[in-house]
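# Notes for the structure review
Chain residues, written in single-letter form:
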Amino acid sequence: MKQDCKIALRQTAWDIVDGYETETYEDTVVWAGRRSVKRDEFYQASQAGYKADAIFTVYAFEYHGEEQIVCSDVLYDVVRTYQKSLDTVELTCQVREEL
């Protein structure tokens, strides 16, 4: 597996601070392989109701169900996971649209 970029796997949680819910997160930095979305993957994602912007491949022992990824200061939501082999997981991601 070619690992060409560092990403942060982001685990989010909600804590109560001074009576208010506050979003907190913990980042785990790992190396990942990044590739563009192929045409058929793009159209399949569109039919399923989401947009596929990038695909990252990480080692399975490093991924623990995180729902967000940060790569090059861009925040992504993980919309699909696929266990490619015993030791790698493929994460299909879309760019997080801030409100």
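Because the structure is a prediction, the values reported are computed rather than measured.

## Regarding the pattern of salt bridges
Taken as a whole, this structure holds six salt bridges when the rule is applied. Residue Arg10 is joined to Asp27 by a salt bridge in which the shortest nitrogen-to-oxygen separation is 2.8 Å. Pair noted here: Arg10 is in strand E1 (residues 5-17) and Asp27 is in strand E2 (residues 20-35), with a separation of 17 residues, a long-range link. Residue classification places Arg10 among the buried positions, given a relative accessible area of 15%. The salt bridge partner of Asp77 is Arg96, with a shortest N-O separation of 2.9 Å. You can see Asp77 sitting in strand E5 (residues 74-83) and its partner Arg96 sitting in the segment after strand E6 (88-95), a full 19 residues away along the chain. A residue is classified by how much of its surface remains accessible, and Asp77, at 17% relative accessible area, is buried. On the accessibility criterion, Arg96 (31% relative accessible area) is partly exposed. Each of Arg35, Glu41, Lys84 and Glu90 takes part in one network of salt bridges that share partners.

## A closer look at the sheet that holds E1
Consider a sheet: its strands pair through backbone hydrogen bonds, and that pairing is either parallel or antiparallel. Spatially, E1-E2-E3-E6-E5-E4 is the arrangement adopted by the six strands of the closed barrel, whose pairing is antiparallel. Across the sheet, the mean angle separating the axes of adjacent strands is 45° when strand polarity is ignored. With seven bridges connecting them, E5 and E6 associate as antiparallel partners. Looking at E6, one finds that Tyr82 is bridged to Glu90.

## Description of the pairing of E1
Summarising the sheet, E1 and E2 pair through 13 bridges and their orientation is antiparallel. Pairing of Ala8 across the sheet is with Val29, part of E2. Here E1 folds back onto E2, and the loop between the two strands holds two residues, one of which, Asp18, carries a positive phi near 55°.

## Re the state of the cysteines
The final tally for this structure, using the stated rule, is zero disulfides. Between Cys5, a free cysteine, and Cys71, which holds the nearest cysteine sulfur, the sulfur-to-sulfur gap is 4.1 Å. Since its relative accessible area comes to 13%, Cys5 is described here as buried. Here Cys93 is not disulfide-linked; the sulfur of Cys71 is the nearest cysteine sulfur, at 9.3 Å. On the basis of relative accessible area, Cys93 is assigned to the buried category, the value being 0%.

## Examining unusual backbone geometry
For Ser72, which is not a glycine, the phi torsion comes out positive at approximately 55°. Looking at the secondary structure, you find Ser72 in the loop between strand E4 (68-71) and E5.

## Quick look at the nonpolar core
Grouped together as the largest cluster of nonpolar side chains are 16 residues, with contacts concentrated most on Ile7, Phe56, Val58, Ile69 and Leu91. Those elements giving two or more residues to this core turn out to be E1, E2, strand E3 (54-59), E4, E5 and E6.

How each quantity is defined
Residues numbered from 1 in each chain as written. Predicted model: local features only at pLDDT ≥ 70, side-chain atom pairs only at ≥ 80, totals over all residues. Heavy atoms only, no water. Salt bridge = Lys/Arg side-chain N within 4 Å of Asp/Glu carboxyl O. Helix = DSSP H or I, 4+ residues; strand = E, 2+ residues; numbered from the N terminus. Buried < 20%, exposed > 50% of the residue type's maximum accessible area, 1.4 Å probe, protein only. Pairing = 2+ DSSP bridges. Axes fitted to C-alpha atoms, helices over the stretch in contact; angles between N-to-C directions. Disulfide = S-S within 2.5 Å. Core = buried A, V, L, I, M, F, W, Y, C linked by side-chain atoms within 4.5 Å.

In short, geometric facts, not functional conclusions.
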